[in-house]
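Here are the chains, one letter per residue:
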Amino acid sequence: AGAGAPRVAVSKRNTTTRYSEEYLAGALMGNPELVRNIAVVGHLHHGKTSVMDLIVQDTHDVDWNPRDSVRYTDTRKDEQKRGISIKATPMSVLMADLKGKSLGVNWIDTPGHVNFLDEAFAAMRMADGVLLVVDALEGVMSGTRLLIQRALAEELDVTLCISKIDRLILELHIPPQDAFYKLRHIIDQVNAEIAESPHVAEKTPPVLSPDLGNVCFSSARQGWCFTLEQFAELYREQHPSMTLPADALARRLWGDAYFDAARRKFTKKAPRDENGDPVPRSFVAFVLDPLFKFTSCIVGEDVSVVAQTMESLGIARSIKPASLKTDVQPLLKTCLAAFFGTSTAGLATMSRAHVRSPAAAAPEKTRRLYTGPLDGERAAAMLRVDPDGPAAVMVCKMLPGAEGGAFVAVGRVMAGRLSAGDKVRVLGDGFEPEF
């Protein structure tokens, strides 16, 4: 492992990657600017492991049954049996952003149960940013607040994923306008928690907003995840004549923005439709309303109508005819996953833009955590993430070995390189450089 990368292991679990693992481990991970270290955190059962399943599906050749909840990063038998994450699980993947550029991401899936928060805290110590996952129905919970404060204490970049959007449609049965208010309220709660934190008292608190690109929406159960820029790209694909760039359209899809169909332009004040009623916000009209109608069509219409809808959207060829005769839940996942395509491309773009690279985060992390002299050769190597400097590893947790006779150290390579067979010196809490 080179500098800037956590020491992680990838579990195969009968899957193969859609990329060269040699390229990921060598060329990409050797360039800290092209790497992100991100901990996936959130309250219990808010969908963290399910988001990881989406990432695995987009980066690996898997043939999972749409009916199943795989929980790929729950590698222990007791985790699969209980349906809950107990240990933090790191996983390195190669992702492609919306422009097709490669990004190596060291994801760390963490438990959400309060009894296992030490696992999440250790993961955050190794990371440079967090993906905060919040259930769209339950909203911000006590565990969410605790994790936000810890992330800010570790001075990590925070991005937000509002998960389980399908629950607003299929469980609450609320109209799109009310769903918008619900989502906006969750974002406002998270921003308020950040702004009121004592850890940002002397700084400008970061702001999370979909139009800034640091918030995404997902439904792992239905196989999709998107940012506003990603949704804007979908509109450009459906309407090639559109001249508005995707990033400009994305900025007009959130907040008090409305589309005036008569003048063919976006406005800040709601215009009236032909019946004299105010038109809905652009996020409702362009994102939620089509998503709600698409879901309603699949759930309530005949197979022939669903097939015609898929044909009109240009995704009929990617759906097997036999899939249209399956139950509603797997049919929803099949159709929506086909519509969104590589749904985590927006997540990769968000991670690249709003989470610092190891090279950018290393100086601050080294100054805050390293207790040795900062003017020495080792500290200098850590500050510049020098792969050719003296090796330095920050161990954040210990795992019991397979036979219980030894421990496996999990940590982040801050400088230098580690290879199998290397001899290392463990520096304890009482280490003094002069001795």
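What you are looking at is a predicted structure, and each value in this text was computed from that prediction instead of being measured. (Residues numbered from 1 in each chain as written. Predicted model: local features only at pLDDT ≥ 70, side-chain atom pairs only at ≥ 80, totals over all residues. Heavy atoms only, no water.)

**A closer look at the pattern of salt bridges**
And step 1. Scanning all chains against the criterion turns up 21 salt bridges.
And step 2. In this structure, K203 and E155 form a salt bridge, with 3.7 Å as the shortest nitrogen-oxygen distance. In this pair, K203 sits in the loop between α7 (176-195) and β8 (215-219) while E155 sits in the loop between α5 (142-153) and β7 (157-163), placing the two residues 48 residues apart along the sequence.
And step 3. Across the pair R263 and D260 runs a salt bridge, and its minimum N-O distance is 2.9 Å.
And step 4. A relative accessible area of 9% means that D260 is categorised as buried. (Salt bridge = Lys/Arg side-chain N within 4 Å of Asp/Glu carboxyl O. Helix = DSSP H or I, 4+ residues; strand = E, 2+ residues; numbered from the N terminus. Buried < 20%, exposed > 50% of the residue type's maximum accessible area, 1.4 Å probe, protein only.)

**Structural notes on the side chain of H43**
And step 1. Examined against the element boundaries, H43 turns out to sit in the loop between β2 (35-42) and α2 (48-59).
And step 2. A distance of 3.2 Å separates a polar side-chain atom of H43 from the backbone nitrogen of G143.
And step 3. Setting aside anything within four residues of it in sequence, one finds H43 in contact with K48, G112, V133, M141, S142, G143, T144 and L147. (Polar contact = N/O pair within 3.5 Å; in protein donor to acceptor, adjacent residues only side chain to side chain. Contact = heavy atoms within 4.5 Å.)

**Observations regarding the sheet that holds strand β6 (residues 129-135)**
And step 1. In space, the seven strands of this open sheet follow the order β4-β5-β2-β6-β7-β8-β9, with mixed pairing throughout. Two strands close off the open sheet at either side, each with one partner strand: β4 (89-96) and β9 (224-226). Neighbouring strand axes in the sheet, compared pairwise and without regard to direction, differ in orientation by 25 degrees on average.
And step 2. Summarising the sheet, β6 and β7 pair through seven bridges and their orientation is parallel. Bridging from a neighbouring strand, D135 pairs with S163 of β7. (Pairing = 2+ DSSP bridges. Axes fitted to C-alpha atoms, helices over the stretch in contact; angles between N-to-C directions.)

**Observations regarding the pairing of strand β12 (residues 392-400)**
And step 1. Examined bridge by bridge, β12 and strand β13 (residues 407-415) share eight bridges and lie antiparallel to one another. Note on β13: the bridge partner recorded for L399 is V408.
And step 2. The turn linking β12 back onto β13 is made up of six residues, and G404 within it adopts a positive phi angle of 75 degrees.

**Points about helix α12 (residues 328-340)**
And step 1. For α12, which comprises 13 residues, the first-to-last C-alpha distance of 18 Å matches the rise-based estimate of 18 Å (1.5 Å per residue) to within 8%.
And step 2. Within α12 the residues assigned to the buried category are P330, L331, L332, K333, C335, L336, F339 and F340.
And step 3. Looking at the buried side of α12, the elements it contacts are α2, α6 (166-170), β9, α8 (228-238), α10 (282-300) and α11 (303-312).
And step 4. Following α12 by one or two positions, G341 adopts a phi angle in the positive range, close to 65 degrees. (Expected span 1.5 Å × (residues − 1).)

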